[in-house]
Structures are given as structure tokens and as C-alpha cells.
Protein chains: 6
Amino acid sequence: MLRGQSRKKDQVRPVKITRNYTKYAEGSVLIEVGDTKVLCNASIEEKVPPFLKGKSEGWITAEYNMLPRSTQTRKVRDISKLKIDGRTMEIQRLIGRALRTVVDLKALGEKTIWIDCDVIQADGGTRTTAITGSFIALVDAVNKLHKENPFKIYPIRNFVTAISVGIVDDEILLDLCYEEDSKAMVDMNIVMTDEGEYIEVQGTGEQKSFSRNTLNELLDLAEKGIKQMIHMQKESLKMDSLWIGTGGVID
Amino acid sequence: MLRGQSRKKDQVRPVKITRNYTKYAEGSVLIEVGDTKVLCNASIEEKVPPFLKGKSEGWITAEYNMLPRSTQTRKVRDISKLKIDGRTMEIQRLIGRALRTVVDLKALGEKTIWIDCDVIQADGGTRTTAITGSFIALVDAVNKLHKENPFKIYPIRNFVTAISVGIVDDEILLDLCYEEDSKAMVDMNIVMTDEGEYIEVQGTGEQKSFSRNTLNELLDLAEKGIKQMIHMQKESLKMDSLWIGTGGVID
Amino acid sequence: MLRGQSRKKDQVRPVKITRNYTKYAEGSVLIEVGDTKVLCNASIEEKVPPFLKGKSEGWITAEYNMLPRSTQTRKVRDISKLKIDGRTMEIQRLIGRALRTVVDLKALGEKTIWIDCDVIQADGGTRTTAITGSFIALVDAVNKLHKENPFKIYPIRNFVTAISVGIVDDEILLDLCYEEDSKAMVDMNIVMTDEGEYIEVQGTGEQKSFSRNTLNELLDLAEKGIKQMIHMQKESLKMDSLWIGTGGVID
Amino acid sequence: MLRGQSRKKDQVRPVKITRNYTKYAEGSVLIEVGDTKVLCNASIEEKVPPFLKGKSEGWITAEYNMLPRSTQTRKVRDISKLKIDGRTMEIQRLIGRALRTVVDLKALGEKTIWIDCDVIQADGGTRTTAITGSFIALVDAVNKLHKENPFKIYPIRNFVTAISVGIVDDEILLDLCYEEDSKAMVDMNIVMTDEGEYIEVQGTGEQKSFSRNTLNELLDLAEKGIKQMIHMQKESLKMDSLWIGTGGVID
Amino acid sequence: MLRGQSRKKDQVRPVKITRNYTKYAEGSVLIEVGDTKVLCNASIEEKVPPFLKGKSEGWITAEYNMLPRSTQTRKVRDISKLKIDGRTMEIQRLIGRALRTVVDLKALGEKTIWIDCDVIQADGGTRTTAITGSFIALVDAVNKLHKENPFKIYPIRNFVTAISVGIVDDEILLDLCYEEDSKAMVDMNIVMTDEGEYIEVQGTGEQKSFSRNTLNELLDLAEKGIKQMIHMQKESLKMDSLWIGTGGVID
Amino acid sequence: MLRGQSRKKDQVRPVKITRNYTKYAEGSVLIEVGDTKVLCNASIEEKVPPFLKGKSEGWITAEYNMLPRSTQTRKVRDISKLKIDGRTMEIQRLIGRALRTVVDLKALGEKTIWIDCDVIQADGGTRTTAITGSFIALVDAVNKLHKENPFKIYPIRNFVTAISVGIVDDEILLDLCYEEDSKAMVDMNIVMTDEGEYIEVQGTGEQKSFSRNTLNELLDLAEKGIKQMIHMQKESLKMDSLWIGTGGVID
């Protein structure tokens, strides 16, 4: 059996969330899921990208980057190749979309929140870990704004978190570490709200195709993982998540 | 009702596949799905990327590009910005993965097949159209190799095709055109084999999250579309698809 | 004898011009000269480059690109090398200059017309073909503006077209195909108006120098080709070329 | 008085060195000097740059990068501008030179050691902090090589460390924090060995020139700081620094 | 009358050629034509570009660059824009072609000669000046090779030089300075051998088209200028041009 | 003995300063120090970089570049690599800082002075030569402004010049040529005012560390060289340096 005694197939790795990890960012979270460590910083900028100018609407955008030695062999920096690789692009677009879907951008107003996810150590699941951690950093940044100048409608509507599932040696596993991931026949990332609704479903037959039944089993397992991660987020935020999911109207 | 009389919710747009569209490429297909037109060229190169050197294995890689005026307003060329945009990167990675999954790369041998998808006119569904057309170009290129020097094991194991589904004005629609796509709350692309197995499932709540039930309805509808597209591919290839799905062993 | 029976030394290849080839561009022409196929799209933008701001003058600029498999062996995309090659630059500058010379930019007003020439298949003479096709696309785009809001002075003053001539195996040939071009000792491109005046004369001794007499013979032959191409343009545009060459004043 | 009670003019900020901070790098140090935090990873690569091929000599090279929100306002990533800024270039060249000077590259043999300094939080002195931390990471990486396959001559000859001094409001201060640094009239960085010899002296009159006397006072103060930093390095490495400074011959 | 008394319409500006201008280049020429000053260095490299490997043939390639303040207003460096502009590309391709046409590349053998033309001061005609000066630098570099190790066939077959002509205020002028060039309706550059044969003919109707008669007048005038420039080259090279045009066989 | 009879250890190479070397730049100096030749052009631009907008303050910035064959073997142009190398960046930052330190940027007013240092021939000491020559070009440019529209406070407060010193074969030498520099164990560049105050001190133990005593000897020798260079600058500028060092107030 693959994972040995140490972890069950439907069990996520130990999660550790450190808020206020750095002192300058409006939201700063170091999230560790097993040996995967991602620093998620949220920065507020008092302007919006050109396509939103004058629309009284905000924006959330994400950048993702792996430090050169976050991986087993050293990864050359993007700037040395003058190119961002495609995987990085995909991931940062995914993080941005996931967060925007749970935020009322009108309520946020003409601001951009930049989410920087820098991977310190990569042991599988960096994109899902980045989403889970960035959400906390986003809440902290939004609350900072809220304290200075309360929103009429609190802009965060839902918790959002993410988890991976996959098929490794014909077993369906939750929250794959790097070794498992590199052997996976099918690999899936799910982004979900605390109400159990999907924001993103991405499943790939890396080496072989998979049936509808298998898809359903993967979705069932992912849901278990999402619940565990949402729980961790709530534990970490405690009272600071008070306004989320209140329907948004504050009085 | 959204589509008027002209097309049912579960109906794909008219498909036209022109093989041998250009004279130099080993496989060359102009595929039209409604007003979306993509030129898919397959080129054979007698070497493999560095990471495969000496492994007696082949590779398939794809590049996707929109011509500047394939879109409603002119799109600046990548080279003018010195950057490939993230969407393009995502799509070309998707096309490459989809084709590789149905090909036995060992059987292909030390060759690279380059798939170039250049969008002549974009009216929604360019990525799924590109996959559907590229598969035909790939078959033509592989058959050309096969005629010159027959493979021991024919490298293409399955048909692969793709289709989009989405939720527009609370209706679940198959094969979205641009206007529908730009209003979609949920957008999903499915890549599937002729045996009804998934290669890729990508669903995004562009503006709102969606339930498991909705996901299931989307998957059901996509399957209908996939069947129509597989049928079109078979019609186009006719006897030239003889070797696909024979289990691969040729005698 | 080089060309066999199929084509005389002073004969251009068969020309096919398809207008309105794509649906979004204000002018869209697929031009085929022999096996050379170029898609020429004209796009109108309601602003001018910085150096023309506030001068009540318009601008016409061209971009030229070969699709990766328009050529016998696959050509790497510019964006993969982060560089536009010099030949491409030369050609797009030539196309822009040629069109601007026959247009009254003051009469056009503060607009930019972007000409995109994308080579679908390259069998020699892509730059001259691009000029000939782009002119038609330009006329269609200008007429579209004219229908919406008539110009006081119609901005197109002349037809412009282009052709190549060259010396191959000591024979002077008109409209070289790729095979001829690659063996040419001298290669010349002529851009001319329908009044028989030169806009551009570019002759290169690729492998050896040439005398004034040879230059004169090349110029004589080019003139023949230009007449044939102007004829094709007039056939294609018919009544839509009504305004060209009227002296420009419309009443 | 500028620093208040909290720190004397000739006192360095509290230093914390965490070895083995990440699990993949051959040497991995998180160094904190006051609120400045730099992750220094050393990676071993079994080849040398082209200019050293076949010379039986090794190489040490450094890259330095600030995370986007290591600073008070968010810093755009290099890759977004397609350029490394000059300051970053200067610093990474300085770190590489400093480490190479204390290493016997012949003794190291045909290997490259990559030093990656990623600034997590920047509160002044990031370049000197990076040198001090990188040295520890280098020792750990070299010792790892030494354990697997003992060097005949241990390649590290000396400790190397660095500190800043400067003139702020007419006072000469040791180890400037960001606020002090941004007001400094003169700014100096000193790189020194444990034997009190200079490797690098860089003094800049940011806003005004300075006399030879002032230079001497700055050099005196820097020496005090260097001693404190060398002490911290020795405390951190303890027995693992056993071979350094033994004259290099091991028996 | 445009040029005043100082220069006749068919007169070139004063030419000054300084050989051995810098000490490292195998050929180094500072050429001044009026106020236009171009430094032309020829460098020998003992290898050829990839497309010539193993063909026992040499190559000549040119790079052209304007120093930032060679022009009236400061020109931003290419590296600051990460792009070579199209004009520069055209010119450096032209210089390379011109020189290659008079050289027997087989006789040269597997070497590349790099021609670097850096414009110190630009007052019109920089491209023709660069060709004229580069030819001298090329001869010096080839002679240097010849002295060390005599060629069986001396590789330079002809002198090559270049001049501009143009129509300014309806007058046909030779060798345009910047002020004249910026007002020219028609602009032409001619590259010619000492035997009066064309290597390149480039005429552009910058603002209006021109007739065959005008073309002939321009060509006549250019020939006069070419003769003056060839004379200057011969004066400068004197005995060092001994082998050029001897038919190439040396005994 | 290293330098032979030709030059003493404490002697700078012959210096030649040619003012008004090119005709467009507001200040243009060709400076030759031994065989090192650098063209230093100063250009005035009537605007400031974004970070200074609206602060009624000017800016001075420098760019440094080596022509491809200024060096013994040809150096590839930056634009061919799409990267400025680190050494170039360091040097241009150094030149800018050095000049800004002796200029009252408030007195200069909202202008940028661009300093372009293009190395024609490199035989050691190009950065120090560039500083020495740029200062003259700067004075000429500032005087040109002053003649057109007198400053209330003349913006240049001091002369600034630079020189190198180093340890070669255990001897301390002034003003190293390339051959000496390439063998130097310690290399130092000093930037100083005519009042004997430091602007920049940069000493590097290229191959070994050095003691405080050695540092002092190097500083003593550098001071001698600085005096010789300041003398050369005064000789060159003569009456044009009248305003420098007058305390700046003009009446």
C-alpha cells in the first residue's frame, strides 16, 4: 500500500497557517501543507487595470513563482530565460479566477489586490495550497481596508479553498505529495466554496483516459478534502472571518 | 429563448473539415465549426526535445495562435509585446496533452510532431475546435510516416475530440459561440476519446460557483456533443482511420 | 528551358482574389498567386501613432508574418525567439510604404489602418502578393468608412500593385515561384501604380552583379507583370474602385 | 539621537540563523538581521560554465532577488519588465565575488555552486545579510560533498562576512536599517574575512563627498561589526566549521 | 538653388578615410563623408554560422548601429527597447549582401568576417558610407589573413561602393545630406562595383511615385558618384588593393 | 620590473581630451587615456523621469557601452543577447552617481542630462576614463544652458574625476592598462572631487584579500593620480570652468 501507515487515502497532510508572516504586506500568510510551503502576500494598490478604469469596480490578480531551489533540482529563474513558463501562467490565472469568483468586485471599489504566491518548498499541491493560503491573505487585506474605512457591502462572499486528488497505482488518493503526483495516471484539482459549490474543476488524464465513474469517485474524495481545508481556514481566521457569508450587507 | 429557432441547445454548429489544406505540412486541416475557423498543421521533425534524448520515444507538442484580426477587435501580436499571453499558453499545453494521451509515444519512435493551430476566425470554441482538427492533421501525418516506413505498432490508440458546454442565462448550452461564451456564468471544456473516456475536464465558474448537479448536467450534455464531433472526424477520415483502435498491433 | 510548357517567361501565375474572406476585418482578402496564399486583413483604429497626434492626418502600417508551416520546413515562430527576423521587418516596412504613397493621409483623417498580411502558403513572391492583396483590403476598408461617413476627398489616389522579376539560369523571368527564386542570380521587386509610375524599385544581385542593360530588361518585363496584376485588381474590385483616380474630389 | 535607547551606534541588529531551512538545497539558510530576512540556498551542479570547461576548476555564482512584497511598496517582478535592474545585478555579482575569494576553486573541482539569495523581507542591509547567510549555506553544501567524497584540500579557506556602515544626520552608524539607510549621506559596505582582511570595500557619497578621515572612521566601525557577524557565523556552524582555516590540507 | 554655391548637384561631399583607426580589429576604418562619420571594424572569427558548417565556405555578416547622440535628438538604445528597429535591420542586411557579392566565399574558407558599422555622427547617407568604409576594412582584414597564410585564390573580386541620389524640390541631387534627405520626394541608394555593375538598386517614392525617365536620370547621376567614391577607395588602399580584380588566381 | 622604463608606478598614462567631438550633442568629448578611448556625449532633455515629476529638480543619468571591437576579441552586442551584462550596469550606475554628487539638481531645474559613454577602444580603466571625460561633456552642456538662460545658482559644485589603482605582481600601480588589470590581485577605483573628497571608493580583492595597510597605500597612490587627472580637466576646460566651485551663487 502506497502511503504506508502514516496517512490514509482520504486524509490531507498536516496544515499550518502563519498569518502576518511579513510586515509590509496588507495580508501575509505562510501556509504549509505537509512539506509544501508557500508564502502568500496580498498587496493593495489604489488603482485598477486599464480595462476597468472608470467602472467603479475592483480587481484581484495573482502571480505565482517557484523559488529556484524550492524543487528537487534547481529551477532556472524566469528572468534568465526571459519567459514565464506555461505551467506558471496557468497557475497564476487559476488563483486569480478562484479568488475573484468569491469577491464582489463592485463592493471592493476601484482597487487592485495583488496576490503574490512564492513557493519556498514544493512537495506537491503548490497550486491548491496557494489558493488556500491566498484566501486568508486576501481576508486580512480586506479587513485592513474595512477597519480603516468600512465597506457598505463587505466584499467577500464565501470561503474558497482547493485540493488535489488523483489516481496513483490504481488507488484514488487525496492531497498528493510530489512523489505520488509524479506517478499519477489521472490528476485533478478542485476549487470549492464553503457552501460545497464548484469554482473550478480541472481533471487531466496525464497518461490515460478515465471513465465517468472514476470522475465521480474523484469528485467525492475531493469534497472530503475541501471540508478539511475549509475547517483549517476557519480555525486560522476565527473572528476575523465574521463578515464572510453574512450576505454581504453590514449594518 | 437564447438561440432562437436556428439551433437546439444540444446541437453543435455545422462542421466542415478540409484535409490537405496547405501543401507542405505532413498533415494540414482547415476546420470550421460555425464561424470559427482554425488551420491545424502537423509537421514531423526527426528529433526529440532534450529531456527525451536517447529514450526511443517520440513527442507531440502544440502551438496555438490567433491571427490579429481573427477577433472582433484587432489583437496585438505576441511578438509586439515580447510575451505570449497566459490564455494562449494554457490552450497550447491543453492541445499537446490531449493528443499525447491517445498516442503511444514509444511506438512513434524518436520524432517530434509539431501541431500548429492558427486561428483564422474566432467565434467561440477555438480551443476545442483546434483539438478536433489537430487530431485529423495528426492522423494524416502519422499515416504519411506509416506509408513510407510502416510502424510495428500503429501509434494512435483512440480518436480524441473536444467540445464546450456552458450556462448562459440559466440555460445549459452545447458548443457556445462567442456571444454566448461572453455571457456564460459557467464554462466547461471536455476532451474525450471515442470510447467515452475523459482526457480532460475543465470547468470554471466564471462569475459564480455551481453545484454537483449542475456539473452532472453539463457532463451529460458534453457527451452528446462529443459523439457528434467524433462522427464528423470519422466521416472526414473514412478509410484513413482504419488503423486507429485496432489495439495497435499490425500484422 | 526552365518553366516548361506550362508558363511563359513573361506570364504571371494564376491569380485568385477572395474578398470578405473573414467576417470581422473591415477589409479581408485571401489572395492566391500560384501556390502562394496570403491573407490580407485591413483593420481601422480610431487613433494615430504618437508622432501624428494632433496633425489631422491618418496612418497606414503593415505587419507581415509567415505561418510556421507556410514553408517547406517548419519555421520557428518569432515569439519563440523573441525576435522578428530582418526579412520580415523589411517586408512589412515595404508594404506600409507602398500603400501610404497612394493614399492622401490628410484626407483619411485621424485614423490608423492596420494591414495584417499572414502567409498561409509560401511559394515565392509573398511580399509582392501581399502588396497586391492588401491594396484590395485597403479599398474595402476605406469604402466601409466612406459609406458610413463620406470623405470630402476620397483618400485613395491610385491603384498600387507589385511583382517580382529575376534572372534564373541566364533567363529573365516574370513572377518567380520559390524554386526559381532560390536559384536566381538577380532578384527584383517592383511596386508600381496604375499610371505606370514607380513607388519602389528593389533589385539585388544575390550572387553576382548586373549591368545597366540587364536592369533595363528587368524593368521592361516587370512592367508587363504589373499591368496583368492591375487588371486582376480591377476585375476583383469592379464598381468598388469607382472613386480611385477621380482626382479625389467628390461631389 | 537617532536610534533611541534601543541600539547603540556601534551595535549590529539581533541576528538569527536557521540552517537546513528547506529540504532540497544542499545548503539552506534563513538569516534574519533585525527585520531583514533572506533565504540563502546553495545548490551543487556537476558542471562548470563554458569558460571553465576542462580546467579542473570549480565556480561559485550567485543570484539575488527581492520577493515582490519584501519591500514597503510592492516591487514589480523582473520577468514582468523583462529586465533585471542594475542594483540586483550589482548585488549578485558582489555576493559571487565575495564567496569565490575565500574558496580554493581548484580544490573544489569541476562543480558549480549556485547561491540563491531571495529576500523575504527587506529592512536595510540585504546585500550584506545575503553574504553572511550565503557563507553558511556554502559551508553546509561543501561539507555535504566532503562527507560523500572527502576533498584532498578542503576548499574553504576563510570565513567571510559583510556589514554596512553609514553617515546619518552626521552620525556614523553601524548596520543601517532601511529608515537610516534612506537618509544616509554616505553609505558603505564592507566584506571581510575572519582574519580581518578586506575582500570588498564599497563606499558611496550618496549626497555628498567625504574626507579621508571620515573614511577611516567608517572603516574602524565596520571592523567592529564584522567581528560581531563572524562570531554569529561561528556560533551557528560550531563543529561544522572545523576545516575552515586549517590551511586547507586534510590528513 | 538648394545647395548654394558650396556644392554642385553632381558632387559628393568631401571624403576622409582613416585606416587602422582602432588597434584590435583586423580591419578598422573611420570614414567621414561630409559630416557623416562611421566607424567600420572588420573582425575575423575562425568559425562559420550553423547553416554553413562543413561546406568549406566562409561568411560575411554586418551589424549597424547608431550611437545615441549621432543624431540631432538623442536616439534610445536598442537594448532599452529590447528591439532592433526595422531600419537598422534593413541596413545591416544590405551591408552584408553588398560585401558578400564581391567576395569568393569558397576562396575565403571556413571563416566569418564580422563587419561592425557604428555611426558616430549621422548627417545623411550613413548606409552608403558604411558600405564604402566597410569595404576598406574588409580588404585590410583579408590582407592580414593573406600575409599570415596566403590564399590560393584571393577572395575579393571587385571593389564595391555605394552612394545615394534623390529628388529634392524637383532637383536631382547626388549624395544627400540629412537636411536634403528629409525633404526628398524620391530617395535612392545604389551599390555598385568598380566595373560599373549593380549589386543593389533601391529606389523609394517616399511621398510620390516617379517615372521611368526620372529613374534613368537618377541612375545616371548615381553612376557619377560611384566613380568618385571608387576613386577615393583606390586612393586610400593604394598598393594594398593590388590583388583585387586580378581574376583572383595568385601565383 | 613590470612597466619597464616607459612609465613609473605612480604615473598616469598620457591623456588627450577633444571637446566638441561630435556636432549634435550639447557636450561631446573624446577622451583618450593611453590606448583607452571613450566618446562621452551629454544630451539635454527637457523632462525628468517619473519619480521626479513636479519636484522642480533635475536628473543626470548615464549609459555605458563597449563597441563590439573595442576589445581584443569581438564582444557580442547587448541587443543580440537581449540583456545588458552586469558589469555594464554597474559602470553606468557608477558614472551617474558620480556626476550627480557634484551637481545641485535643484539648481539644474526640471531637466535630464543623459550621459552616453561609448567605448571606442578599451585598454583598461574605461570606467574611470568615462567619468573623467563625462564631467567635461557635462560642463559643456551645462554652460550651453547657462549661455541661453543663466542659472541663478550655477549647478556644478565641484570637479569630479576617477582613477584606478591595483596590486599587480605585489607592486602597487597607478592607472592600470588592460594587461596589468587582468593580472591584478586587488583592483580599486576611486572617484574624487577637486577638493580631495571621496565620492566613491570601490576596492575588490579579485583573487585574495588585503590588509588595512595595503588599503591605505592604495588610497595614497590613487590621490596622486586624481590630482593629475583634475589638472588635465582644468587644462582642457580653462575659462569654461570659471563657474565651478564659486559656491554656486552667481551675481
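Residues numbered from 1 in each chain as written. Chains lettered and ligands numbered in written order. Predicted model: local features only at pLDDT ≥ 70, side-chain atom pairs only at ≥ 80, totals over all residues. Heavy atoms only, no water.

### Structural notes on the relation of the copies chain B and chain C
Then step 1. Laying chain B over chain C is done by rotating through 180 degrees and shifting 0.0 Å along the axis; what remains is an RMSD of 0.0 Å. Viewed as a symmetry operation, the transformation between the two copies matches a two-fold axis. Among all residues of chain B, the one whose C-alpha sits closest to the rotation axis is Ile79(B), at a distance of 2.5 Å.
Then step 2. A shared binding surface is used by both copies, with 100% of the interface residues of chain B retained as interface residues in chain C. (Least-squares fit on C-alpha atoms with pLDDT ≥ 70 in both. Contact = heavy atoms within 4.5 Å.)

### Section: the relation of the copies chain D and chain F
Then step 1. Here chain D sits on chain F after a turn of 180 degrees about the axis and a move of 0.0 Å along it, with an RMSD of 0.0 Å.
Then step 2. Of the residues that chain D buries at the interface, 100% are likewise interface residues in chain F, meaning the two copies contact each other through the same surface.

### Here's the deal with the nonpolar core
As a rule of thumb, soluble globular proteins bury nonpolar side chains together.
Then step 1. Formed by 139 residues in total, the largest nonpolar core has its most connected members in Ile95(C), Ile115(C), Phe135(C), Ile95(E) and Phe135(E).
Then step 2. Residues contacting Ile95(E), with those up to four places away along its chain left out, are Ala62(E), Tyr64(E), Ile115(E), Cys117(E), Ala130(E), Ile131(E) and Ser134(E). (Core = buried A, V, L, I, M, F, W, Y, C linked by side-chain atoms within 4.5 Å. Buried < 20%, exposed > 50% of the residue type's maximum accessible area, 1.4 Å probe, protein only.)

### Some words on a nonpolar patch on the surface
Residues and elements named next belong to chain C.
Then step 1. Taken together, the side chains of Met239, Leu242 and Trp243 present a nonpolar region at the surface, about 320 Å² in accessible area.
Then step 2. Assignment of secondary structure puts tryptophan 243 in the segment after helix 6 (212–237).
Then step 3. Classification of tryptophan 243 as partly exposed rests on a relative accessible area of 30%. (Patch = residues over 30% accessible without salt bridge, like charges linked within 9 Å, V, L, I, M, F, W, Y side chains within 5 Å. Areas by Shrake-Rupley, 256 points an atom, 1.4 Å probe, with all protein chains shown as cover. Salt bridge = Lys/Arg side-chain N within 4 Å of Asp/Glu carboxyl O. Helix = DSSP H or I, 4+ residues; strand = E, 2+ residues; numbered from the N terminus.)

### Points about the UniProt feature "binding site: phosphate" (unreviewed entry) in chain A
All names here are of chain A.
Then step 1. According to UniProt, the "binding site: phosphate" (unreviewed entry) feature falls on Arg87, Gly125, Thr126 and Arg127. Across 41 residues in sequence, these annotated residues keep their C-alpha atoms within 13.1 Å of one another, forming a single compact spot.
Then step 2. As for its position among the elements, glycine 125 is in the loop between strand 5 (112–121) and helix 4 (126–148).
Then step 3. Beyond its immediate sequence surroundings of up to four residues, glycine 125 is in contact with Arg13, Thr36 and Leu176.
Then step 4. Those residues in contact with threonine 126 that lie beyond four places of it in its chain are Thr36, Val38, Tyr64, Arg87 and Val119.
Then step 5. For threonine 126, the side chain forms a polar contact with the side chain of tyrosine 64, separated by 2.6 Å. (UniProt positions renumbered as here; feature names shortened; annotations may be inferred. Polar contact = N/O pair within 3.5 Å; in protein donor to acceptor, adjacent residues only side chain to side chain.)

### Concerning the sheet that holds strand 4 (residues 59–66) of chain F
Residue and element names in this part refer to chain F.
Then step 1. The five strands are arranged 1-2-3-5-4 in an open sheet whose pairing can be described as mixed. Of all strands in the sheet, those bounded by a partner on one side alone are strand 1 (15–19) and strand 4. With direction set aside, neighbouring strand axes in the sheet form an average angle of 15 degrees.
Then step 2. Relative to strand 5 (residues 112–121), strand 3 (residues 36–45) is paired through nine bridges, and the arrangement is antiparallel. What sits directly across from asparagine 41, in strand 5, is aspartate 116.
Then step 3. Each of strand 1, strand 2 (27–33), strand 3, strand 4 and strand 5 touches helix 4 (residues 126–148); the most contacted strand, strand 3, lies at about 35 degrees to it.
Then step 4. Across the sheet, helix 6 (residues 212–237) touches strand 1 and strand 2, and the angle it forms with strand 1 is around 30 degrees. (Pairing = 2+ DSSP bridges. Axes fitted to C-alpha atoms, helices over the stretch in contact; angles between N-to-C directions.)

### Side note on the interface of chain D and chain F
Then step 1. Each side of the interface is counted separately: chain D has 32 residues, and chain F has 32 residues.
Then step 2. Note on chain D versus chain F: buried area summed over both sides is about 2,700 Å², and carbon and sulfur give 45% of it.
Then step 3. Among the salt bridges present, the one from Arg212(D) reaches Glu223(F), with a minimum N-O distance of 3.4 Å.
Then step 4. Taken together, chain D and chain F are joined by 22 residue pairs in polar contact (both at pLDDT 80 or more).
Then step 5. Listed by contribution, the elements that provide at least two residues to the side of chain D that touches chain F are helix 2 (86–101), strand 9 (198–205) and helix 6 (212–237) of chain D.
Then step 6. Looking at the side of chain D that touches chain F element by element, the count peaks at eight residues for strand 9 of chain D.
Then step 7. For strand 9 of chain D and strand 9 (residues 198–205) of chain F, the ladder comprises five bridges, and the chain directions are antiparallel. Counted as the bridge partner of Thr204(D) is Glu200(F) from strand 9 of chain F. (Buried area = accessible area lost by both parts, 1.4 Å probe.)

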